[in-house]
There are 2 protein chains.
Amino acid sequence: MNYFLGIDMGGTNLRFGLVDEEGKLKWSSRFPTEAGSPKEEIFGVMKKGIDQGLQEAKVKSYRVKAIGVGVPGCVDFKTGLIYTLVNIPGWENTPLASKIKEVFNLPVFVDNDVNVMALGELFFGAARGARNVICITLGTGVGGGVIVEGNLYRGSSMTAGEVGHIVLEKDGAQCNCGNRGCLERYIGNRYLVERALALYAENAGVKIPEPLSPESLTQAARNGDQVAKAVWKEMANYLGIVLGGLVNFFNPDRIVIGGGVAEAGEFLFGPLEKGLKERSMKIPGNLVQLKKAELGVNAGLIGAATLAMGSKNSLKFKV
Amino acid sequence: MNYFLGIDMGGTNLRFGLVDEEGKLKWSSRFPTEAGSPKEEIFGVMKKGIDQGLQEAKVKSYRVKAIGVGVPGCVDFKTGLIYTLVNIPGWENTPLASKIKEVFNLPVFVDNDVNVMALGELFFGAARGARNVICITLGTGVGGGVIVEGNLYRGSSMTAGEVGHIVLEKDGAQCNCGNRGCLERYIGNRYLVERALALYAENAGVKIPEPLSPESLTQAARNGDQVAKAVWKEMANYLGIVLGGLVNFFNPDRIVIGGGVAEAGEFLFGPLEKGLKERSMKIPGNLVQLKKAELGVNAGLIGAATLAMGSKNSLKFKV
């Protein structure tokens, strides 16, 4: 069996995973990183962590065929150059692929974290067997990865998939991106919580879950809290409006929804399924299947390894 | 030189064109059709019209290599089966490609009229040299054709490109498609004229162009009419909001705008160019080029012929 190394670079953690050709995670580990750590220190952590992993997993190093890295930001997949990372300062214009290649002497592929999650779901998760897919992650931000005819679609400057920055409310609130009324400005974690607070304020007497978060709102909804249910329903309505438009434009056969907020499960997916049908045209609306992402907390690792797998072996996987 | 026949099936006219391999229209003609004419009659008109055309154009019939047909509706490109045509009743479930093939004994390819226009612009018009393109037609309806990595993208049930049915106003007016607040419901010809009437009513004393139409509004704007200019500016604003979202999602390198309304020229394109930048993220917004369609009234014919050309000769043109 061959293995592929997935590296998931986050703002606070560096995660490593050894993934086999069938998408099974054989071993993984996590190292906290400090914002602003020198890059050489990070590469040192990578080297140590991965050597340790191979030993623990009893995998001979020659069995590892390539390395894939998912990064939270803007990257040129073809050259492995990072343009900017959202929450990790100091990595602007770093040729990450060639730096990691120096350390491990293996082929290295780097892409945006949402793109690699989409690849992971395509080959080993909820998008298996689909041709045209929109993969969405719901969390602090609202990101998306796009699959066209079974391949990852990156767009003309590798920034495709910004579902969170489609306008929901044309004269709406200012968004960080510079635009107004973006979807993310209404359903990103922070705004979801703000909205929940406002709804609880209108319903004095209903106990507010503490700390108020997407997780506690899901728990409250499970316990029958009508306000929490209304928060999820409103979010589903907003998401359905934007996804309905994308169904009309892109005519996908599948939409996969992941990220922490997807754990709201039926409270989100129930009304979303309904809203999506109402907000899209008949033929494409009837075709598209809505699914919850399957790879969960390991999506980033398995996805990064899938990127390496697909790019290394393009006969088997066209990436 | 080889030739390709383009057929443009409209609600009131059947148009034929003989197009050479360089996209030049050598000959064309137009036959009025009556709604509800028997299909056999239409095929008879095709046969007669095209035989006459070959004679007039002095093109030997063996030089014609394939036929492409653009239809206003929903069609299965792979089989050439029409599902429904918007304004031409009686063509539901007609195997159009094989019917025409019986008459002419040539390869026949059928696709949606907006798709063939996008192909025409891609190979011979304003989208030449672009990789990822959204082609939009502005008229009674607001349609779109999508090019992905230099190929026409049809989507999972061949309905991709419905730009007009992306929501602009989330709780907006009812649209014919069943949804509410769709872009088309605000900028389709009829609604554009209604909106102009309302704005003229607010500006008593300004002479209303007659008959009020996109054409007369363009003429009025040219003559300095501030209300007409405001109508175009508002339309550009609406279109910019939706296209800005698509730029963020799809990251195209070009957007091509055609259809009758595109003749408003600078009154539309000026504010649209500005709005598109404001309503999209920096990297994809700076990349995308906005262009007016170049094939004009012959877009349907040249596009249909391009469909035939590309499908017949897939080494030269990947369709």
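Remember, predicted model here, so these are calculated numbers, not experimental data.

How should I be thinking about the overall build of chain A in this particular structure?
From N to C terminus, chain A includes 10 helices and 13 strands. Taken against the 2.2 N^0.38 rule, which gives 20 Å for 319 residues, the C-alpha radius of gyration of chain A at 20 Å falls within 12% of a compact globule. When contacts within chain A are restricted to residue pairs at least 6 apart in sequence, long-range pairs at least 24 apart make up 61% of them. On chain A, roughly 13,200 Å² of surface is accessible, and the fraction owed to carbon and sulfur atoms is 50%. Computing the positive centroid from 36 side-chain charges and the negative centroid from 32, chain A places the two 6 Å apart.

What am I meant to see in the interface of chain B and chain A here?
Interface size is often expressed as the accessible area that is lost when the parts come together. The partner chain A presents 45 residues to the 45 residues of chain B that form the contact. Of the roughly 3,800 Å² buried between chain B and chain A on both sides combined, carbon and sulfur atoms contribute 55%. Considering only the surface of chain B that becomes buried against chain A, K170(B), F249(B) and R279(B) emerge as the three largest contributors, covering 22% of it. Joining chain B to chain A, the criterion identifies 2 salt bridges. The partner of E169(A) in a salt bridge is K170(B), with the nearest N and O atoms 3.0 Å apart. Counting across the interface, chain B meets chain A through 28 residue pairs in polar contact (both at pLDDT 80 or more). Those elements that provide at least two residues to the side of chain B that touches chain A are β10 (142-148), α7 (226-250) and α9 (282-287) of chain B. Counting residues per element, the side of chain B that touches chain A draws most heavily on α7(B), at 7 residues. In the side of chain B that touches chain A, the residues fall into 22 nonpolar, 13 polar and 10 charged.

Could you clarify how one ought to interpret the confidence of the model for chain A in this entry?
If pLDDT is low for a region, its predicted coordinates should not be looked at in detail. All names here are of chain A. Mean pLDDT over chain A stands at 93; residues scoring 70 or higher make up 97%. Scored below 50 in pLDDT, residues 314-319 shows 12 contacts in the model against residues more than four places distant or in partner chains. Model confidence for the complex: the whole-complex pTM is 0.94, and ipTM, which rates the interface, is 0.94.

Help me out: how do you make sense of the sheet that holds strand β9 (residues 133-138) of chain B in this one?
Pairing between the strands of a sheet comes from backbone hydrogen bonds, and it takes one of two forms, parallel or antiparallel. Residue and element names in this part refer to chain B. Ordered by their spatial adjacency, 5 strands build an open sheet running β11-β10-β9-β12-β13, and the pairing between neighbours is mixed. Unpaired on one side and paired on the other, β11 (151-153) and β13 (289-292) mark the two borders of the sheet. Put simply, the sheet's adjacent strands are angled 25° from each other on average, direction ignored. Alignment of β9 against β10, held across 6 bridges, turns out to be antiparallel. Looking across to β10, one finds that V133 is bridged to I147. Across the face of the sheet, helix α8 (residues 266-278) comes into contact with β9, β12 (254-258) and β13 while running at roughly 165° to β13.

I'm lost on the relation of the copies chain B and chain A in this one. Help?
One copy of the chain maps onto the other through a rotation about an axis followed by a shift along the same axis. Structural alignment of chain B on chain A gives an RMSD of 0.0 Å, achieved by rotating through 180° and translating 0.0 Å along the axis. The two molecules are tied by a two-fold rotation axis, judged by turn and shift. No C-alpha of chain B lies nearer the rotation axis than that of E169(B), which sits 3.4 Å from it.

Can you help me understand the nonpolar core in this one?
Nonpolar side chains in soluble globular proteins tend to be buried together. Core analysis: the largest hydrophobic core is formed by 99 residues, its most contacted members being L138(A), F249(A), I255(A), I257(A), L138(B), F249(B) and I257(B). Look past the residues within four positions of L138(B) in its chain and what remains in contact with it is I187(B), M235(B), L239(B), I257(B), G258(B), G259(B), G260(B), V261(B) and L268(B).

What should I look at first to understand the pairing of strand β2 (residues 13-20) of chain B in this one?
All names here are of chain B. The buried fraction of β2 is high, at 8 of 8 residues. Where burial is concerned, the two faces of β2 agree: the one with N13, R15, G17 and V19 and the one with L14, F16, L18 and D20 are both buried. The pairing of strand β1 (residues 3-9) with β2 spans 7 bridges and is classified as antiparallel. Among the inter-strand pairings, M9 is bridged to a residue of β2, identified as L14.

Can you help me understand the pattern of salt bridges in this one?
Opposite charge on two side chains permits pairing when their charged atoms draw close. Counted by the stated rule, this structure contains 20 salt bridges over all chains. One salt bridge connects E294(A) with R128(A), and the closest N-O pair in it is separated by 3.0 Å. With a gap of 166 residues between them, E294(A) in the loop between β13 (289-292) and α10 (299-312) and R128(A) in the loop between α3 (113-124) and β9 (133-138) connect regions that are remote in the sequence. Look at E294(A) and you get partly exposed, because its relative accessible area is 45%. The network of salt bridges with common partners includes E169(A), K170(B) and D171(B).

Any chance you could explain helix α8 (residues 266-278) of chain A here in plain terms?
It helps to recall that an α-helix has 3.6 residues per turn; residues three or four apart then point in one direction. All names here are of chain A. Between its first and last C-alpha, α8 extends 18 Å over 13 residues, near the 18 Å set by a 1.5 Å rise per residue. Buried within α8 we find L268, F269, L272, G275 and L276. Where the residues of α8 are buried, they touch β9, α7 (226-250), β12 (254-258) and β13.

Explain the packing of aromatic side chains to me, please; I cannot follow it from the model alone.
Centre distance and the angle of the planes are the two values used to describe a pair of aromatic rings. With the rule as written, the count across this model stands at 12 aromatic pairs over all chains. Ring geometry for F16(A) and F31(A): centres 5.5 Å apart, planes at 65°, overall edge-to-face. Taken as a pair, F16(A) in strand β2 (residues 13-20) and F31(A) in strand β3 (residues 25-32) lie far apart in primary sequence, 15 residues in all. When its relative accessible area of 0% is taken as the criterion, F16(A) is described as buried. In this structure F31(A) comes out as partly exposed when scored by relative accessible area, which is 21%. Look at Y186(A) and Y238(A): their rings are 6.1 Å apart centre to centre, the planes differ by 80°, and that puts the pair in the edge-to-face class. Separated by 52 residues along the polypeptide, Y186(A) in helix α4 (residues 184-187) and Y238(A) in helix α7 bring together distant segments of the chain. Judged by relative accessible area, Y238(A) falls into the buried class, the value being 14%. Chaining the aromatic ring pairs together yields one cluster made of Y153(A), F249(A) and F250(B). Above the plane of the ring of F77(A) lies R154(A), whose end atom (NZ or CZ) is 3.6 Å from the centre.

Would you take a moment to explain the environment of K48(B) for this structure?
In this fold, K48(B) is placed in helix α1 (residues 39-56). Spatially, the C-alpha atoms of K48(B) and G296(B) are 26 Å apart, while their sequence positions differ by 248 residues.

What should I look at first to understand the pairing of strand β3 (residues 25-32) of chain B in this one?
In the case of a regular strand, side chains alternate between the two sheet surfaces. Residues and elements named next belong to chain B. Where β2 lies against β3, 7 bridges are found, and the strand directions are antiparallel. Paired with N13 across the two strands is P32, which belongs to β3. Taking the residues between adjacent antiparallel strands as the criterion, β2 and β3 are bridged by 4 residues, where G23 takes a positive phi near 85°.

So what exactly am I meant to see when it comes to the packing of helix α6 (residues 214-222) of chain A against α7(A) here?
The angle between the axes and the distance between the axes are what describe a pair of packed helices. All names here are of chain A. Look at α6 against α7: their axes get within 7 Å of each other, and the N-to-C directions meet at 120°. Taken together, the axes of α6 and α7 are oblique relative to one another. The crossing of α6 and α7 is left-handed. Where α6 approaches α7, its residues P214, L217, T218, A220 and A221 are matched on the opposing element by A228, K229, V231 and W232. Of the residues belonging to the contact of α6 with α7, the class tally is 7 nonpolar, 1 polar and 1 charged.

Cut-off values and rules
Residues numbered from 1 in each chain as written. Chains lettered and ligands numbered in written order. Predicted model: local features only at pLDDT ≥ 70, side-chain atom pairs only at ≥ 80, totals over all residues. Heavy atoms only, no water. Helix = DSSP H or I, 4+ residues; strand = E, 2+ residues; numbered from the N terminus. Rg over C-alpha atoms; globule rule 2.2 N^0.38 Å. Contact = heavy atoms within 4.5 Å. Areas by Shrake-Rupley, 256 points an atom, 1.4 Å probe, with all protein chains shown as cover. Lys, Arg positive; Asp, Glu negative; His and termini not counted. Charge placed at Lys NZ, Arg CZ, Asp CG, Glu CD. Buried area = accessible area lost by both parts, 1.4 Å probe. Salt bridge = Lys/Arg side-chain N within 4 Å of Asp/Glu carboxyl O. Polar contact = N/O pair within 3.5 Å; in protein donor to acceptor, adjacent residues only side chain to side chain. Nonpolar A, V, L, I, M, F, W, Y, C, P; charged D, E, K, R; others polar. pLDDT = per-residue confidence, 0-100. Pairing = 2+ DSSP bridges. Axes fitted to C-alpha atoms, helices over the stretch in contact; angles between N-to-C directions. Least-squares fit on C-alpha atoms with pLDDT ≥ 70 in both. Core = buried A, V, L, I, M, F, W, Y, C linked by side-chain atoms within 4.5 Å. Buried < 20%, exposed > 50% of the residue type's maximum accessible area, 1.4 Å probe, protein only. Expected span 1.5 Å × (residues − 1). Phe/Tyr/Trp six-rings, centres within 6.5 Å; stacked < 30°, edge-to-face > 60°. Lys NZ or Arg CZ within 6 Å of the ring centre and 35° of its normal. Parallel < 35°, antiparallel > 145°, perpendicular 65-115°, else oblique. Left-handed = near helix turned anticlockwise from the far one by under 90°.

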